[in-house]
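One-letter residues, chain by chain:
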Amino acid sequence: EFEVESIFVADETLMPNFQATGLKVELVSRKEMEKMTAFTSPSPVLGLVKKPRRQLETSDLRSHRFLVLDGLRDPGNLGTIIRTADWFGIHHILLSNDSVDVFNHKVLQSTMGSFFRTHFLYTDLPEFLHDFAPWRDEIPVYGAVLGGEPMKLCIEKENRLGALVIGSESHGISEEVLRFCSHQITIPGGGDTESLNAAVAASIILYEWQSH
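Let me begin by describing the structure that accompanies this report. Computed from a predicted structure; not experimentally measured.

## Some details on the overall build of the protein
Part 1 of the reasoning: Scanning the protein from N- to C-terminus turns up eight helices and nine strands.
Part 2 of the reasoning: Projecting the C-alpha coordinates of the protein onto the three principal axes gives extents of approximately 55 × 40 × 35 Å.
Part 3 of the reasoning: Out of the 212 residues belonging to the protein, those deemed buried represent 42%.
Part 4 of the reasoning: Sequence separation of at least 24 residues holds for 73% of the intrachain contacts in the protein that already meet a minimum separation of 6.
Part 5 of the reasoning: For the protein, the exposed area adds up to about 11900 Å²; of that, 50% sits on carbon and sulfur atoms.

## Description of the side chain of Ser-99
Part 1 of the reasoning: Structurally, Ser-99 is set in the loop between β5 (92–96) and α4 (105–111).
Part 2 of the reasoning: With a relative accessible area of 10%, Ser-99 lands in the buried category.
Part 3 of the reasoning: Polar side-chain contacts of Ser-99 include one of 3.2 Å to the backbone nitrogen of Leu-72.
Part 4 of the reasoning: A distance of 2.9 Å separates polar atoms of two side chains, one belonging to Ser-99 and the other to Ser-96.
Part 5 of the reasoning: Beyond its immediate chain neighbours, meaning those up to four positions away, Ser-99 contacts Leu-69, Asp-70, Gly-71, Leu-72 and Tyr-122.

## Re the nonpolar core
Part 1 of the reasoning: Core analysis: the biggest nonpolar cluster contains 29 residues, and Leu-67, Leu-69, Leu-78, Leu-164, Ile-185 and Leu-206 have the highest contact counts within it.
Part 2 of the reasoning: Where this core is concerned, the elements lending two or more residues are β4 (65–69), α3 (75–87), β5, α6 (151–154), β8 (162–166) and α8 (198–210).
Part 3 of the reasoning: Top contributing element to this core by residue count: α8, with six residues.
Part 4 of the reasoning: Other than its neighbours up to four places away in sequence, Leu-69 contacts Leu-78, Ile-81, Ile-93, Leu-94, Leu-95, Ser-96, Ser-99, Leu-125 and Ile-166.
Part 5 of the reasoning: Counting 22 residues, the second largest nonpolar core, distinct from the first, contains Leu-125, Phe-132, Ile-139 and Phe-180.

## Some remarks on the sheet that holds β4
Part 1 of the reasoning: Reading across the sheet, the six strands line up as β6-β5-β4-β8-β7-β9 and stay open at both edges, with parallel pairing between neighbours. Two strands lie at the open edges of the sheet, namely β6 (119–123) and β9 (183–186), each paired on one side alone. Adjacent strand axes in the sheet meet at a mean angle of 35°, parallel and antiparallel pairs treated alike.
Part 2 of the reasoning: Relative to β8, β4 runs parallel, the two being bridged by five bridges. Looking across to β8, one finds that Phe-66 is bridged to Ala-163.

## Focus: the state of the cysteines
Part 1 of the reasoning: Taken as a whole, this structure holds zero disulfides when the rule is applied.
Part 2 of the reasoning: Distance from the sulfur of Cys-154, which forms no disulfide, to the nearest cysteine sulfur (Cys-181) is 12 Å.

## Remarks on unusual backbone geometry
Part 1 of the reasoning: Phi at Met-112 is positive, roughly 55°, even though this residue is not glycine.
Part 2 of the reasoning: Residue position: Met-112 is located in the loop between α4 and β6.
Part 3 of the reasoning: Since its relative accessible area comes to 57%, Met-112 is described here as exposed.

Reading guide: rules and limits
- The residue numbers shown here count from 1 along each chain, following its written sequence.
- It should be noted that, the model being predicted, local features are given only for residues of pLDDT at least 70 and side-chain atom pairs only at 80 or more, the latter also being counted only at that level, while totals for whole chains, interfaces and linings use all residues.
- Side-chain descriptors were evaluated using all non-hydrogen atoms of the structure, hydrogens and water having been removed beforehand.
- Secondary structure elements follow DSSP: runs of H or I no shorter than four residues count as helices, runs of E no shorter than two count as strands, and numbering proceeds from the N terminus.
- Partly exposed describes any residue whose relative accessible area lies between the buried limit of under 20% and the exposed limit of over 50%, with all areas from a 1.4 Å probe on protein chains only and scaled to the type maximum.
- Between two residues, a contact is recorded if the distance between any of their heavy atoms is within 4.5 Å.
- A 1.4 Å probe and the Shrake-Rupley method give the accessible areas. Residues count as covered only by the protein chains that appear here.
- Think of a polar contact as two N or O atoms within 3.5 Å of one another; within protein, one of them needs to be a possible hydrogen donor and the other a possible acceptor, and neighboring residues in sequence only count if both atoms come from side chains.
- Nonpolar cores were defined as sets of buried Ala, Val, Leu, Ile, Met, Phe, Trp, Tyr and Cys residues, with membership established by side-chain atoms within 4.5 Å.
- Paired strands, in this sense, are two strands between which DSSP finds at least two bridges.
- The axes are straight lines fitted to the C-alpha atoms, using for helices just the contacting stretch, and the angles between their N-to-C directions are given from 0 to 180°.
- The disulfide criterion used throughout: a pair of cysteine sulfur atoms within 2.5 Å.

In structure tokens, the structure reads:
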């Protein structure tokens, strides 16, 4: 689904590997690569890729587990969540309109390639979940919160459908979105820290959700 327009290479010894593809390949200096990537230690290969036209469609959610990200602002967290979701086989992600852009270069770098296997949709989450409400008899919606039920007691592992909602790093899930969560779940802990990082929390819950 991703169309590669051209490839830039900063290591001449790698040129033959890409010239055989028939794509436009251009040799650049390390300094030029640093400017193009905005990283001081960039990869020696950079691809110019067209943005995909297809986005996640509502019909996809009737047959897949998916993530809902509410107000996620940190690009590193988003990239890590995308990469972790890919590891567990979840490739559909809804994001609130105020979440960080998935095309942010820090997000793309953090996904380590998982971005290319994931479908995204930015939407008004309360409006979407309102329309989604009739499905909830068959599709559970888990909201990760402080003070909810222990996740092991709530997660229906045998149900191959469902949604996991992760809130912003500083405010959690908004009240407008939380009221549509059929299950409010918590990761039990025994320490003194106030909360978990959003990406860490998502990773732990995804492990529990996907394990058998």
